[in-house]
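What follows is each chain in one-letter form.
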Amino acid sequence: MAKVINMGRYYIGEFEEIVLLISAILFEEAYAVLIKAEIESQSGRKVNISAVHKALYRLEEKGMLESYMSDPVSKRGGKRRRLFRITPVGKKALDDSKDLRMSLHSQIPEKAFQWNQ
Amino acid sequence: MEPINNLPKLPRFLFLFFKWYCKSEKFEELHGDLEELYIDRLEEIGKTRAMFHYAWDVMRCCQPYAWKKLESQINSNTAHMLKIYLRIAVRHLLRKPGYAALNIFGLTLGIVSSLVILLYLNQELSFDNYHKDVDRIYRVSSHFTEADGTKDSWVTTQVPLGPTVHETFGEVEQYVRFFRQGRTRFESKNVNYMMEDVYLVDSTVFDVFAFDLIHGDPATALIKPNSICLSESEATRIFKGNNPIGEILETDNFSFEVTGVYKDQPKNSHLIAKALGSASTNQQMYSSERWGGFGIYTYFKLTPTASPQVVEDRLNGEIMDTYIRVIFDRFDLQVVYEMLPIRDIHLYSEFEGEPTALGSIDYIYIFSVVAIFLIIIACINYMNLATAQSMRRALEVGVRKTMGAKRGSLISQFIAESVVIASVSLVLSLFILSLVVPVINIQLGTSLDFTQLLNAEVILVIVMVFVVTGILSGSYPAFYLSAFTPSKALRGGGSAKRSGNPFLRRGLVGLQFAISIFMLISTFVINDQMQYLRNKDLGFDKDQVVSFNLSRETVQQWDVLKQRLLQNPNISNVTTASSIPGGGYPNRMRSVETNEGNMEDLGMNELRIDFEYFPTLGIEMAQGRNFSFEYSTDTARALIVNEAMVRRLGWTDPIGKRIQFSRDSTVFHRVVGVAKDFHQSSLHDPIEPLLFAPSLENPRVMVKVEGNYLETINYMEDKWKELFPNRPFESQFLDQNFVQFYEDDRIRGNLFLGFSIIMIVIAALGLLGLASFTAEQRSKEISIRKVLGASIQGLVSLLVKEFVILVMIGAVPAFVFAYWFAENWLNGFEYHVNINLMLFALVIVIITLVTVATTGFHAFRVAQANPSENLKNE
């Protein structure tokens, strides 16, 4: 199955970016349930666990995250968690995205924000 | 390593579904996440909602990232073919979205309605099945046959029966007795709470019934006198969430200490208790040795090896001989005990005095048939539409066959198509169902529970429905289509005659009509009867009568209250009686003078009434007179009977007949009047023979109100508060009581109406599809006829006629069955309408109109088309 991946730029969507950022923040503890809770508390928006799963697996496919299994956790009946960790590619994607935004931001003429004249 | 089996209790069906679709290598991490979420939510929002969230998550996670790869499961070639079948099926459906929508919509309607019925049946059939060792629990009830052959059956038994039998019978492991207290006033910290369905019970109740104690110890909670256990909702109502254990509740007669709180019983219980007091509280009643009075519920739990038949025989043998014959033989009254399994009570009991309204096994059958009808109609639709489409597919079949497709693979392909449709409908149905169940509950007054669908049995039924609709309805078109010979199929065109077996298809449509007609007639008959019940003259004036109760204390002040009430010009009459119309009455042994002048012992239904009873309720005297203060002996010696009693006793001259209240008594009461018959209870039952004895102090008050209700009721309340400032005043209208009798009938009537409308809609949908197909098929014929001078009306009627004939043919068996059903159903009512044959005609007209409207639309379109359009290709 051929997947078309945009190799030139590290393109990620807005939600993926949030997931990637939070995975990086939660370093060593980043797994789906915690990421979901973190998104909800930090951004105030409700997300379904499946959306987080989907984003995590896609980011892994794109090489921005790597993952490994934790030790068994008793809370989940002895099941292990899949923990995610940001890769250099992921960091690059975040940096690019941030740079792009900053650069765009700085180009806005001051007048654009002055409405009452 | 932790043990894996400390899984939270998740719905098995959802868990298996998840396991089914999820890749095994991802199962651990994904389901672990869901479990963790579930456990977090459990604390946060409670079990039910957490479960719904879990269900939602399972559905949401059903996405490609979690899916198994088909290839890894099955032989890769088969899997590949299966994928292709599904893909082609989906493409076909998408190519004809209108047709697919019609099909899916029809099937969904059918499935939703039959699932609603399934829920209803599941609830009805699951009554009392939650008790531990339910197969060993029986209730003892009593049959009576009197000297003159009058028969009665009561759910109740005598107080000493339970303990005596438990002591002497090795087969009886445990017993429990329920002493019904009815509506009771409880006082806690000077606030009054009225509570329905209060019982005093033996402390053994927890060994027999599955009351789930949240607080308190089942072994000791009800042993001490003056202990009481409350249902959770009542405990919350009274104590507002504070721990009620140890609190004191006062009633008119006793003072209780709360020793337990139990979870509210499931709705599928034949006996619902809001509070259970310890029976030892009422020492006098509890230890009564009277074998003559039947008034309490007795339940036995047998030992695992005991045979219920043996116990019943011993009850009717030794118990009867030792304790009961000695009392009743001299009255020539026969008593026979019957043991009814607790699970059968709701559907099979025919005893009087049940604690809650019962269902009926007949309705279980009727609704099962309705559900099957619905599925049949929906399947027929699918079959018709699919075969009608066959011509479009003939070319495809021809090409496939030429390319070497085997018949088997073609069949699989067509079945795959119907399975796709059925799956989409099923998923859609479950979704719709979760939305409509609450609406149905509100609209129809039912208490269906959507989560019941997660039961194993229910899932089994759903799977069966799915298999039947998907595979069975798909198989006919599949076998039919795959049988095309390629040469004929490829030649195409001009093959209108071979578009499916027209007889079979017509037969199926005819069957649909027959079912719809049957349902519609039945619905009309039911509505007719309901109307009749609402409007029937009950023989007394139930409108504008307000009733309320007097307690043992308030009745002392009744005379004062009565005078104050009568001062209001809007109150024309007040009366008191031992029960209101619609309420029950005791049956007591009395010595009665026969027509020949001998005295005979008979059970008499007895109401105690004051002198204003008949005038207040507008009941007239057929003979003789009402009780009157002009006769000084009336309060002590006079009696009134109703006409039914005169008929029962065969009196030719009832006035002056003598009745002794006990055989040894020296007092002879005499009948002074015969009241016209009125319906003391529901119209399901015949008018019972009644004896009216005069009594000036009675617990039920009825007030005839004229003019402004609200003002008058407020006035009554004010007067009540003047005399009894601490007691709540609660009144109800007499006719409310009567509405309750027909509540179940009303619900069933509404369900029937809903289902017959749905059936007609489904049938009409199928017709629409079929008509569009036949009209198209015959478009060339129509065009030629048109060129030769046929009128549009003529052409439309030509096309419509075919279907109208089917309606007529379908009507014949439908009429026969509908008549038979209506007659049987109506006979269940002692008073009922006659079957109105005009209804049958009306139904035919309705169905014909629907048919003409659906088929005529397409016929008209084809007939209007320009002939040259259709003929230019020849």
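Rules of the game
Here the residue numbers are simple positions, counted from 1 along each chain's written sequence. For this description, chains carry letters from A and ligands carry numbers from 1, given in the order in which they are written. This being a predicted model, a pLDDT of at least 70 is required before a residue's local features are given, and a value of 80 or more before pairs of side-chain atoms are given or counted; all residues contribute to the totals for chains, interfaces and linings. Helix and strand definitions follow DSSP, with helices as H or I runs of at least four residues and strands as E runs of at least two, each counted in order from the N terminus. Put simply, a residue is buried when 20 or more other C-beta atoms lie within 10 Å of its own C-beta and exposed when 12 or fewer do; between those, it is partly exposed, and each C-beta is set from the backbone. Contacts here follow a simple rule: the backbone-placed C-beta atoms of the two residues must lie within 7 Å. The quantity known as pLDDT measures the predictor's confidence residue by residue, on a range of 0 to 100. As a working rule, the residues Ala, Val, Leu, Ile, Met, Phe, Trp, Tyr, Cys and Pro are called nonpolar, Asp, Glu, Lys and Arg charged, and the rest polar, with Gly in that last group. Here the expected span of a helix is defined as 1.5 Å times the quantity of residues minus one. The reported bend at a residue is simply the angle between two axes, fitted to the 7 residues ending at it and to the 7 residues beginning with it. In short, DSSP must find at least two bridges between two strands for them to pair. Fitted lines through C-alpha atoms serve as axes, helices being fitted only where they are in contact, and the angles separating the N-to-C directions of these axes extend from 0 to 180 degrees. Should an angle fall under 35 degrees it is called roughly parallel, over 145 degrees roughly antiparallel, and 65 to 115 degrees roughly perpendicular, with every other angle called oblique. Here a crossing is called left-handed whenever its near helix is offset anticlockwise from the far helix by less than a right angle, and right-handed whenever the offset is clockwise. In this description, a nonpolar core means buried residues of the types Ala, Val, Leu, Ile, Met, Phe, Trp, Tyr and Cys, linked to one another by C-beta atoms lying within 7 Å. Marked domain ranges trace back to an automatic or database domain assignment.

Novice: For this particular structure, what's the right way to read the overall build of chain A?
Specialist: When helices and strands are tallied, chain A shows 4 helices and 2 strands. Of the regular secondary structure in chain A, the N- to C-terminal order runs α-α-α-β-β-α. For chain A, with 117 residues in total, the buried portion stands at 31%. In chain A, the share of contacts with a sequence separation of at least 24, taken over all contacts with a separation of at least 6, comes to 48%.

Novice: Please explain the overall build of chain B as it appears in this structure.
Specialist: On a plain count of helices and strands, chain B comes out with 29 helices and 22 strands. Buried residues in chain B amount to 37% of all 874 residues. Pairs at least 24 residues apart make up 82% of the contacts formed inside chain B by residues separated by at least 6 positions.

Novice: Even after reading the chapter, I still don't get the environment of Leu222 of chain B, so can you show me in this structure?
Specialist: All names here are of chain B. When you line up the elements, Leu222 lands in the loop between β5 (213-215) and β6 (227-231). The class for Leu222 is buried, based on 28 C-beta atoms found within 10 Å. Along the chain, Leu222 and Thr204 lie 18 residues apart, while their C-alpha atoms are 8.1 Å from each other. Leaving out residues up to four positions away in the same chain, Leu222 has contacts with Val201, Ser203, Val205, Ser227, Cys229, Leu276 and Ser278.

Novice: Would you explain the confidence of the model for chain B in this entry?
Specialist: Predicted coordinates in areas of low pLDDT are best not read in detail. Residue and element names in this part refer to chain B. Summarising the model, chain B shows a mean pLDDT of 83, and 95% of its residues fall at 70 or more. Residue range residues 1-5 is modelled with pLDDT below 50. Its contacts to residues more than four positions away, or to other chains, number 9 contacts. We note a pTM of 0.66 for the whole complex and an ipTM of 0.85 for its interfaces.

Novice: Which parts of the structure should I look at to understand the environment of Phe738 of chain B?
Specialist: Within the fold, Phe738 of chain B resides in helix α24 (residues 734-741). The spatial distance from the C-alpha of Phe738 of chain B to the C-alpha of Pro581 of chain B is 8.5 Å, given a sequence separation of 157 residues.

Novice: Honestly, the interface of chain B and chain A in this entry has me stumped. Any pointers?
Specialist: Many structure descriptions define interface size as the accessible area lost when the parts assemble. Chain B puts 22 residues into the contact, and the matching count from chain A is 18 residues. Mapped by element, the contributors of at least two residues to the side of chain B that touches chain A are α2 (24-45) and α3 (47-60) of chain B. Looking at the side of chain B that touches chain A residue by residue, the classes come out as 10 nonpolar, 4 polar and 8 charged.

Novice: Would you mind going over helix α27 (residues 792-827) of chain B with me for this structure?
Specialist: Each α-helix winds once per 3.6 residues, and so residues spaced three or four apart point in a common direction. Residues and elements named next belong to chain B. The end-to-end C-alpha distance of α27, which contains 36 residues, comes to 50 Å, matching closely the 52 Å that a straight helix rising 1.5 Å per residue would cover. At Val800, α27 shows its strongest bend, of approximately 35°. What α27 keeps buried is the set Leu795, Val796, Leu799, Val800, Phe803, Leu806, Val807, Gly810, Ala811, Ala814, Ala818 and Ala822.

Novice: Teacher, can you tell me more about the pairing of strand β1 (residues 65-73) of chain A here?
Specialist: Every other side chain in a regular strand lies on the same face of the sheet, so the side chains alternate between the two faces. Residue and element names in this part refer to chain A. With 7 bridges connecting them, β1 and strand β2 (residues 79-86) associate as antiparallel partners. Across the sheet, Met69 pairs through a bridge with Arg82, a residue of β2. Once β1 ends, the chain turns through 5 residues before running back antiparallel as β2, passing Gly77 with a positive phi of about 60°.

Novice: It is not clear to me how unusual backbone geometry should be interpreted in this structure. Could you clarify?
Specialist: Backbone phi values are negative for most residues with the exception of glycine, while trans is the configuration of most peptide bonds. Residue and element names in this part refer to chain B. The backbone phi angle of Asp128 is positive, close to 65°, even though this residue is not glycine. Of note, Asp128 is situated in the loop between α6 (97-125) and β1 (137-145). Note on Asp128: 22 C-beta atoms within 10 Å, which makes it buried. Residue Asn226 is not a glycine yet carries a positive backbone phi of 65°. The topology assignment puts Asn226 in the loop between β5 and β6.

Novice: Explanation requested: the packing of α6 of chain B against helix α13 (residues 361-388) of chain B in the structure shown.
Specialist: Working note: a packed helix pair is described by the angle between its axes plus the distance between those axes. Residue and element names in this part refer to chain B. Across the interface, α6 lies against α13 with an axial gap of 9 Å and an inter-helix angle of 165°. Taken together, the axis directions place α6 and α13 in an arrangement best described as roughly antiparallel. Crossing of α6 against α13: the hand is left-handed. Residue composition of the contact of α6 with α13, by class: 18 nonpolar, 7 polar and 1 charged.

Novice: For this particular structure, what's the right way to read the nonpolar core?
Specialist: Residues and elements named next belong to chain B. Leu374, Ile377, Ile517, Ile521, Met759 and Ala859 are the most contacted members of the largest nonpolar core, which has 96 residues in total. In terms of residue count, helix α25 (residues 743-777) provides more of this core than any other element does, 16 residues in total. A domain split of this core shows at least three residues from each of domain 2 (69-125 + 364-490) and domain 4 (501-536 + 742-871). Setting aside chain neighbours within four positions, we find Ile377 in contact with Gly110, Gln512, Ile515, Met759, Ile762 and Ala763.

Novice: I would appreciate a short explanation of the confidence of the model for chain A in the present structure.
Specialist: Confidence in the prediction of chain A, expressed as mean pLDDT, is 86, and 91% of residues score 70 or more. This stretch, residues 1-8 of chain A, has a pLDDT under 50; its non-local contacts, to residues over four places away or in other chains, come to 2 contacts.

Novice: Is there a simple way to explain the packing of helix α19 (residues 558-566) of chain B against helix α23 (residues 709-723) of chain B in this structure?
Specialist: Residues and elements named next belong to chain B. Two elements in contact, α19 and α23, have axes whose closest approach is 10 Å; the angle formed by their N-to-C orientations is 150°. By the criterion of interaxial angle, the relationship of α19 to α23 is roughly antiparallel. In this structure, the crossing between α19 and α23 has a hand that is right-handed. Only Met716, Lys719, Trp720 and Leu723 of α23 make contact with α19, whose side of the interface consists of Val560, Leu561, Arg564 and Leu565. A per-class count over the contact of α19 with α23 returns 6 nonpolar, no polar and 2 charged.

Novice: I keep staring at the environment of Thr168 of chain B and nothing clicks. Help me out?
Specialist: All names here are of chain B. Tracing the chain through its elements places Thr168 in helix α7 (residues 161-168). Owing to 12 C-beta atoms within 10 Å, Thr168 belongs among the exposed residues under this scheme. Sequence separation of Thr168 and Ile319 is 151 residues, and the distance between their C-alpha atoms is 9.7 Å.

Novice: Whenever I open this one, the pairing of strand β10 (residues 297-302) of chain B confuses me. Can you help?
Specialist: All names here are of chain B. Counting buried residues along β10, 6 of its 6 residues qualify, which places the element largely inside the surrounding structure. Burial along β10 is two-sided: the face carrying Tyr297, Tyr299 and Lys301 and the face carrying Thr298, Phe300 and Leu302 are both buried. Bridge analysis of β1 against β10 gives 4 bridges, and the strand direction is antiparallel. For Arg139, the partnering residue across the bridge sits in β10 and is Tyr299. Looking at chain direction, strand β3 (residues 172-188) and β10 are connected through 6 bridges and run antiparallel. Across the sheet, residue Phe178 finds its bridge partner in β10, namely Tyr297.

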